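Coordinate analysis (summary)
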Amino acid sequence: MKGKKLNVGIQILRMLFSFHILVFHCINKKLYSNKIINFIIGNVEIDLTVFFIISFYYSNHTFISKNIVKIKQRFYRLLIPFIIWPLIFFITHNLSCYLKGEKNYFKSYLLYYQFLVGNGINIVFWFQCHLIILSILFLIVIFASNRKSFIVLTIIGVSSYIFISSNYYKKHFSYDTILIYSVRKLPFSYIYSLYGYILFNLNDFLNFKKYKIKIFFIFLIVFCLYIYHRVFLELTAYFLMIKSVLGISLFIVFLNLPLHETNNNLINHLASYSGGIYYLHTRMQILLPLLLKRKKSKTIIACII
């Protein structure tokens with residue numbers, strides 16, 4: 001089985017969703033009264049679903065082939081920013097507080113939580129933390145169970161779905177502490193990652209291009225259900241399923257856009273820096289009031305800047 005190249009459609013999707021997440025974190029939603037705009041900027045669940053699908057779709061071949069070199073490269077890409085940026089934020093913030101005579105220092109325990117669950121100093125690194133944890137889990141299962149890895153990973157996925165549907169999960173994971181905020185998302189992240197892992201193999205057998213029109217219509221139908229799911233009381237309990245089908249169909253639609261695969265072009269080059277934007281956007285937002293008037297520092301224009 002050969003590895004699959006990142007194509008232009010997926011790169012465009014990555015850039016769109018990277019900007020969407022930036023807007024979600026940085027914009028002042030009170031400035032916009034339009035319901036459509038507020039809906040678009042009010043939720044990033046689909047973005048995160050698709051990002052996990054993309055990550056494990058394109059990591060499948062590396063994992064299955066047990067390519068140690070590429071596995072190491074993957075962890076370097078994940079671990080270096082996960083460790084370096086929070087350290088930089090911690091040092092620069094505390095140094096700034098010291099020079100200004102302020103007392104709102106980052107405590108050392110926040111750095112501990114940051115490295116443990118990706119939350120404490122910069123909340124957005126919970127996503128990076130999940131990628132690291134899930135990559136390790138997938139590799140352990142693949143190396144330990146060989147040909148039965150698909151069955152084991154699927155059983156874990158079904159168990160995760162049952163767990164997040166249980167009363168125990170609703171009761172004990174509803175709090176917003178530093179630790180629970182990150183941990184409670186992990187079963188969802190696993191399920192989305194499993195979709196990417198499965199889709200890689202499924203595409204070899206089905207060839208999604210043959211069904212791209214049908215999948216596009218599925219996307220439109222599920223998108224409507226996603227928007228109006230609260231209207232249909234019976235479907236509320238299946239919101240995760242609706243979100244999953246929407247993320248999968250959207251990924252397949254962009255995967256099969258009539259564009260050439262790319263290894264080195266302008267779009268690929270720009271998309272390569274979407275990670276840096278994600279790591280830094282919440283901190284860069286602090287600098288915008290120095291460049292713009294305060295009322296304009298949390299607008300769409302400010303997000304573009």
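Residues numbered from 1 in each chain as written. Predicted model: local features only at pLDDT ≥ 70, side-chain atom pairs only at ≥ 80, totals over all residues. Heavy atoms only, no water.

1. Concerning the nonpolar core
As a reminder of what qualifies: Buried Ala, Val, Leu, Ile, Met, Phe, Trp, Tyr and Cys residues that are joined via side-chain atoms within 4.5 Å together make up what is termed a nonpolar core. Any residue under 20% of the maximum accessible area for its type is buried, any over 50% is exposed, and the rest in between are partly exposed; the area is computed with a 1.4 Å probe on protein chains only. Put simply, DSSP H or I for four residues or longer makes a helix, DSSP E for two residues or longer makes a strand, and each gets a number counted from the N terminus. Residue contacts follow a heavy-atom distance rule, with two residues in contact if any of their heavy atoms lie within 4.5 Å.
Formed by 64 residues in total, the largest nonpolar core has its most connected members in Phe127, Leu250 and Phe251. The dominant element in this core, judged by the number of residues it contributes, is helix H7 (residues 126–145), at ten residues. Once residues lying within four places of it in the same chain are set aside, the contact partners of Phe127 are Leu48, Phe51, Phe52 and Tyr278. Ranked by size, the runner-up nonpolar core spans six residues in total, among them Leu22, Val23, Cys26 and Cys303.

2. Looking at the packing of helix H1 (residues 8–26) against helix H14 (residues 239–255)
For clarity, the cut-off: All axes here are fitted lines through C-alpha atoms, helices being fitted over the stretch that makes contact, and every angle between N-to-C directions spans 0 to 180 degrees. For classification, angles of less than 35 degrees are called roughly parallel, those exceeding 145 degrees roughly antiparallel, those between 65 and 115 degrees roughly perpendicular, and all remaining angles oblique. Amino acids outside the nonpolar list (Ala, Val, Leu, Ile, Met, Phe, Trp, Tyr, Cys, Pro) and the charged list (Asp, Glu, Lys, Arg) are all regarded as polar, and Gly is one of them.
Across the interface, H1 lies against H14 with an axial gap of 7 Å and an inter-helix angle of 130 degrees. By the angle between their axes, H1 is oblique relative to H14. Residue-level inspection shows Gly9, Ile10, Ile12, Leu13, Leu16 and Phe17 of H1 in contact with H14, the latter providing Leu250, Phe251, Phe254 and Leu255. In terms of residue class, the contact of H1 with H14 is made up of nine nonpolar, one polar and no charged.

3. Quick word on helix H3 (residues 45–57)
Put simply, the test is: Expected span of a helix, by definition, is 1.5 Å for each gap between consecutive residues, and there is one gap fewer than residues.
The terminal C-alpha atoms of H3, which comprises 13 residues, lie 18 Å apart, in line with the 18 Å expected from a rise of 1.5 Å per residue. Within H3, twelve of the 13 residues are buried, which leaves it mostly tucked inside the rest of the structure. Every buried residue of H3 is accounted for by Ile46, Asp47, Leu48, Thr49, Val50, Phe51, Phe52, Ile53, Ile54, Ser55, Phe56 and Tyr57.

4. Structural notes on a nonpolar patch on the surface
What counts, and what does not: Residues form patches when they are more than 30% accessible in relative terms and have no salt bridge. Like charges link within 9 Å. Nonpolar side chains (Val, Leu, Ile, Met, Phe, Trp, Tyr) link within 5 Å. Surface exposure here means Shrake-Rupley accessible area, sampled with a 1.4 Å probe, where a residue is shielded only by the protein chains that are shown. A carboxyl oxygen of Asp or Glu within 4 Å of a side-chain nitrogen of Lys or Arg is what we treat as a salt bridge.
Judged by side-chain polarity, Tyr76, Leu79, Ile80, Ile83, Ile84, Ile88 and Phe115 come together as a nonpolar surface patch covering roughly 590 Å² of accessible area. Take the nonpolar patch: its biggest share by element is six residues, from helix H5 (residues 68–100). Structurally, Ile88 is set in helix H5. Assessed through its relative accessible area of 33%, Ile88 is described here as partly exposed.

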